[in-house]
Amino acid sequence: MKESARIDKWLWAARIYKTRSIAADACKNGRVTVGGVTRKPSFIIKRGDVVSVKKAPITYSFEVLDCIEQRVGAKMLFGVYKNVTDPKQYELLEMSRISGFVDRARGTGRPTKKERRALDAFVDPAMFGFDEEDWDEDEE
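In short, a report on the structure. (Residues numbered from 1 in each chain as written. Predicted model: local features only at pLDDT ≥ 70, side-chain atom pairs only at ≥ 80, totals over all residues. Heavy atoms only, no water.)

Structural notes on the overall build of the protein
The number of helices and strands found in the protein is 5 helices and 7 strands. Of all 140 residues assigned to the protein, the portion counted as buried reaches 25%. For the protein, the proportion of contacts with a sequence separation of at least 24, taken over those separated by at least 6, is 47%. For the protein, the accessible area works out to roughly 10100 Å², and carbon and sulfur atoms hold 54% of it. (Helix = DSSP H or I, 4+ residues; strand = E, 2+ residues; numbered from the N terminus. Buried < 20%, exposed > 50% of the residue type's maximum accessible area, 1.4 Å probe, protein only. Contact = heavy atoms within 4.5 Å. Areas by Shrake-Rupley, 256 points an atom, 1.4 Å probe, with all protein chains shown as cover.)

A closer look at the pairing of strand β6 (residues 58-64)
Relative to β6, strand β5 (residues 50-55) runs antiparallel, the two sharing 6 bridges. Each residue of the ladder has a partner; that of Lys55, found in β6, is Ile58. The loop that links β5 with its antiparallel partner β6 comprises 2 residues. Summarising the sheet, β6 and strand β7 (residues 81-83) pair through 3 bridges and their orientation is antiparallel. Paired with Glu63 across the bridge in β7 is Lys82. (Pairing = 2+ DSSP bridges.)

Observations concerning the nonpolar core
Of all hydrophobic cores here, the largest spans 23 residues; its most connected members are Ile7, Trp10, Leu11, Ile16, Tyr17, Val32 and Val51. Ranked by the residues each element gives to this core, the list is headed by helix α1 (residues 7-13), at 4 residues. Every residue in contact with Tyr17, bar those within four places of it in the chain, is listed here: Leu11, Trp12, Ile22, Ala23, Ala26, Val32, Val53, Lys54, Lys55 and Arg71. (Core = buried A, V, L, I, M, F, W, Y, C linked by side-chain atoms within 4.5 Å.)

Considering the sheet that holds strand β3 (residues 37-38)
On the basis of which strands lie adjacent, the open sheet formed by 5 strands has the order β3-β2-β5-β6-β7 and antiparallel pairing. In this open sheet, the two edge strands, each paired with only one partner strand, are β3 and β7. Here strand β2 (residues 32-34) pairs with β3 via 2 bridges, running antiparallel. Paired with Thr33 across the strands is Thr38, a residue of β3.

Observations concerning the side chain of Glu69
With respect to the helices and strands, Glu69 occurs in the loop between β6 and β7. A polar atom in the side chain of Glu69 sits 2.9 Å from the backbone nitrogen of Arg6. Once residues within four sequence positions are removed from consideration, Glu69 is found in contact with Lys2, Ala5, Arg6, Lys9, Trp12 and Ala13. (Polar contact = N/O pair within 3.5 Å; in protein donor to acceptor, adjacent residues only side chain to side chain.)

Details of unusual backbone geometry
Negative phi values dominate among residues other than glycine, just as trans dominates among peptide bonds. A positive phi angle, near 65°, is found at Arg15, a position not held by glycine. Residue position: Arg15 is located in the loop between α1 and α2 (20-28).

Quick notes on the side chain of Thr33
Mapping Thr33 onto the fold places it in strand β2. Contact partners of Thr33, with chain neighbours within four places excluded, come to Thr38, Val50, Val51 and Ser52.

Focus on the environment of Cys27
Mapped onto the elements, Cys27 comes out in helix α2. The spacing of Cys27 and Pro41 is 14 residues in sequence and 5.4 Å in space, taken between C-alpha atoms. Contact partners of Cys27, with chain neighbours within four places excluded, come to Ile7, Leu11, Val32, Arg39, Lys40 and Pro41.

Bear in mind that shape data such as this cannot, by itself, settle questions of function.
Okay, structure coming up:
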């Protein structure tokens, strides 16, 4: 067991990010904090540190149990970190999954065909001044 490790290597080895370069970019862009302070990719973490990772729409928190710099099997991750994410964050994640396309970010382009159909099904015809009786008469 090592006593310390670079944060970007640890995030990659702990399978929080798919590649080390993505982990380093997250550190550079302020999405990774240790003890509430944003850190550079070269920051050295120790056992017991709490690493917070912002992945929209929530912030995950992990307590470092082992400082590794080499990737290990997924079954061995229980000895690498302990997930200490606040349960309210998971509620926020569930709410964003339920809302789906309704909370669309500005500048993400036009809705896809699937999103458009879901939007049409969601919008009630009564919102546009039609009653259900009027709607049925037009179809006949």
